[in-house]
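One-letter residues, chain by chain:
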Amino acid sequence: RSNVRNGGNQMLSEKIRPLTEMADRLRGQAELTLPNAALCTRVDGYGVYDPIAPAHFSAGREHPVIVYCEVENFASQMNDKKQWETKLSNEVILYTETGLAAWSEKSKSIVDLSRNRRHDFFIVKKTKLPSTLQIGRYILKISVTDQQSNRVAETTIPVQIVAE
């Protein structure tokens, strides 16, 4: 009985394999999105993080933070070593309410190699908000570029610098 059950499951997985492969190809052609982003104190893996909520920080002090961002519909290509390769870059800019850039982190390239095609992807960037930020409301903009498909996605996180 258990052999029949296992064989049935195996046969079902073989039947749906073309559908899952097609879904992977379609995801790689869909719009690049950033469905979830947060400033964090700790990140242990995809979807496993401790967010700073609300993102309020004291003025006059440097604040270590981790920028966490999930990426959907990224492109992966098989390279000559038979590994799936994903190439992304990301940039983080903090804007004032009036739209002036107050602080930024340079763009960073991310190259990921895997023997199996990835379905989940996240970016972690450790950084420090500078002590020179004035009291007020800010918008942290995260931009991610998929270098293989030349697509860009952006998301924002509200940040507030407050008096101690």
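Refer to the structure printed above.
As the structure is a computational prediction, the values presented were derived from the model and not from experiment.

Trainee: Mind showing me how you'd approach the overall build of the chain here?
Mentor: Scanning the chain from terminus to terminus reveals one helix and 10 strands. Going residue by residue from the N terminus, the α and β elements of the chain occur as α-β-β-β-β-β-β-β-β-β-β. Scaling as 2.2 N^0.38, a compact globule of 164 residues should have a C-alpha radius of gyration of about 15 Å, whereas the chain reaches 20 Å, well beyond that. Taken across its 164 residues, the chain has 37% of its residues classed as buried. Looking at the chain alone, contacts between residues at least 24 apart form 68% of all its contacts between residues at least 6 apart. Per element, the accessible surface of the chain, about 10,300 Å² overall, is 48% carbon and sulfur. Treating the 22 positive side-chain charges of the chain as one cloud and the 19 negative ones as another, the clouds have centres 6 Å apart.

Trainee: In this structure, what is going on with the pattern of salt bridges? I would like to understand it.
Mentor: Two side chains carrying opposite charge are able to pair once their charged atoms lie near each other. Scanning the model with the defined rule gives five salt bridges in all. A salt bridge links Asp-44 to Arg-42; the nearest nitrogen and oxygen atoms lie 3.1 Å apart. Given a relative accessible area of 51%, Asp-44 falls into the exposed group. A salt bridge links Arg-118 to Asp-112; the nearest nitrogen and oxygen atoms lie 2.4 Å apart. Overall, the relative accessible area of 17% leaves Asp-112 in the buried class.

Trainee: Would you mind going over the pairing of strand 6 (residues 84-96) with me for this structure?
Mentor: Within a regular strand, the side chains alternate between the two sheet faces. Judged from the two bridges that link them, strand 5 (residues 77-78) and strand 6 form a sheet pairing that is antiparallel. Paired with Met-78 across the strands is Trp-84, a residue of strand 6. Hairpin connection between strand 5 and strand 6: a loop of five residues separates the two successive antiparallel strands, and Lys-82 in this loop has a positive phi of roughly 65°. Bridging between strand 6 and strand 7 (residues 101-114) involves 11 bridges; their strand directions are antiparallel. Paired with Leu-94 across the two strands is Trp-103, which belongs to strand 7. In textbook terms, the turn of a hairpin is the stretch between consecutive antiparallel strands, and for strand 6 and strand 7 this stretch comprises four residues, one of which, Gly-99, has a positive phi near 95°. As defined by bridge partners, strand 6 adjoins strand 9 (residues 136-146) across nine bridges and the pair is classed as antiparallel. Its bridge partner lying in strand 9, Thr-96 is registered against Tyr-138.

Definitions and limits used
- Residues numbered from 1 in each chain as written.
- Predicted model: local features only at pLDDT ≥ 70, side-chain atom pairs only at ≥ 80, totals over all residues.
- Heavy atoms only, no water.
- Helix = DSSP H or I, 4+ residues; strand = E, 2+ residues; numbered from the N terminus.
- Rg over C-alpha atoms; globule rule 2.2 N^0.38 Å.
- Buried < 20%, exposed > 50% of the residue type's maximum accessible area, 1.4 Å probe, protein only.
- Contact = heavy atoms within 4.5 Å.
- Areas by Shrake-Rupley, 256 points an atom, 1.4 Å probe, with all protein chains shown as cover.
- Lys, Arg positive; Asp, Glu negative; His and termini not counted.
- Charge placed at Lys NZ, Arg CZ, Asp CG, Glu CD.
- Salt bridge = Lys/Arg side-chain N within 4 Å of Asp/Glu carboxyl O.
- Pairing = 2+ DSSP bridges.

From the geometry alone we can't say anything about function, so treat these as descriptive.
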